[in-house]
Amino acid sequence: MFISLPSRHKPGPRWAVPLVFAAIWLAFLWSISRPDEARRSLWMDWGALSTGLGNPQDWWAALRDGSVLRLFTALFLHADWSHLLGNLVFLLIFGLPAERVLGPWRLLLLFLLGGAAANLTALYAMESPDQIIIGASGAVSALLGAYLALFPGARLGVVVPLGLFLEFVRAPAYLLIGVWAALQVVFAYIGPSFGMVAWSAHVAGFLFGIVYGLYIRAAIARRLRKRHGF
């Protein structure tokens, strides 16, 4: 269980999640201000392509010309409002508490590396060539995984429809995130948007976040034990 110990030092400002939020929002507003053809060209230029990294020579070429960075730039592009808002809501719900524990730099590293790893997984999982992968879903999935690792006992508020009424209940975070993770696996094979949504990226990002969160927890625990002479 993660324990927060009091400190004389005030925690620094949490700027990573607001910065990512603003960057994604501004990128979307800029993209929708462009004509349809220009938007598609933008996705082609900055989204992650499902071909081009099949062997070591392709990787070397991508590193040399900088196109490997598209694994990261694709995180800030979104197809439509529902795609955008869904990711931003989960970014705020799970990203802000995670940043309080991780700090802004570790949170930013988690978002970028988790998102890039998720996009890379989707590239190899897709069977049809020349598909474009865009969106922060893989990176947000990494935040969910890290949240579960950092706050395994947390409880989240949920609105449950009961007939004509809505009931607000608190459910364990591990239960809600576990259901979400199970749905990602199911949707990867039989989902309603099969072939259009990179569900494999969601699963990969989630697993990356769990590993990242457990590693950080262990590192913090070791530092606390050393500080207190345990």
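Just so it is clear, the structure is predicted and the values come from calculations on it, not from any experiment.

Quick look at the environment of L29
For step 1, the next point in the chain: Inspection of the secondary structure assignment puts L29 in helix 1 (residues 16-32).
For step 2, the next point in the chain: Sequence-wise, L29 and H78 are 49 residues apart; in three dimensions their C-alpha atoms are separated by 10.0 Å.

A short note on the nonpolar core
For step 1, the next point in the chain: The biggest cluster of nonpolar side chains holds 37 residues, and the ones touching the most others in it are L91, L102, L107, L110 and F111.
For step 2, the next point in the chain: Of all the secondary-structure elements, those providing two or more residues to this core are helix 1, helix 5 (81-102), helix 6 (104-125), helix 7 (137-150), helix 8 (173-190) and helix 9 (199-227).
For step 3, the next point in the chain: For this core, the leading source of residues is helix 7, giving nine residues.
For step 4, the next point in the chain: Setting aside residues up to four positions removed in sequence, L110 forms contacts with L102, G115, A142, L143, A146, F208, G209 and Y212.
For step 5, the next point in the chain: In terms of nonpolar packing, the next biggest core, distinct from the first, is built from eleven residues, A74, A116, L123 and M126 among them.

Topic: the pattern of salt bridges
For step 1, the next point in the chain: Within this structure, the stated rule accounts for one salt bridge.
For step 2, the next point in the chain: Its salt-bridge partner being R40, residue E37 comes within 2.9 Å of it at the nearest N-O pair. A residue pair is termed a helical-turn pair when its members lie 3 or 4 positions apart in one helix, as E37 and R40 do in helix 2 (residues 36-46) at three residues.
For step 3, the next point in the chain: A residue is classified by how much of its surface remains accessible, and E37, at 55% relative accessible area, is exposed.

What about the packing of helix 5 against helix 6?
For step 1, the next point in the chain: Two elements in contact, helix 5 and helix 6, have axes separated by 7 Å at closest approach and are oriented at 135 degrees. Comparing the axis directions of helix 5 and helix 6 gives the class oblique. Classified by chirality, the crossing of helix 6 by helix 5 is right-handed. Residues L91, G95, A98, E99 and L102 of helix 5 form the contact with helix 6, whose participating residues are P104, R106, L107, L110 and F111.
For step 2, the next point in the chain: Residues that form the contact of helix 5 with helix 6 fall into these classes: seven nonpolar, one polar and two charged.

The rules behind each value
Residues numbered from 1 in each chain as written. Predicted model: local features only at pLDDT ≥ 70, side-chain atom pairs only at ≥ 80, totals over all residues. Heavy atoms only, no water. Helix = DSSP H or I, 4+ residues; strand = E, 2+ residues; numbered from the N terminus. Core = buried A, V, L, I, M, F, W, Y, C linked by side-chain atoms within 4.5 Å. Buried < 20%, exposed > 50% of the residue type's maximum accessible area, 1.4 Å probe, protein only. Contact = heavy atoms within 4.5 Å. Salt bridge = Lys/Arg side-chain N within 4 Å of Asp/Glu carboxyl O. Axes fitted to C-alpha atoms, helices over the stretch in contact; angles between N-to-C directions. Parallel < 35°, antiparallel > 145°, perpendicular 65-115°, else oblique. Left-handed = near helix turned anticlockwise from the far one by under 90°. Nonpolar A, V, L, I, M, F, W, Y, C, P; charged D, E, K, R; others polar.

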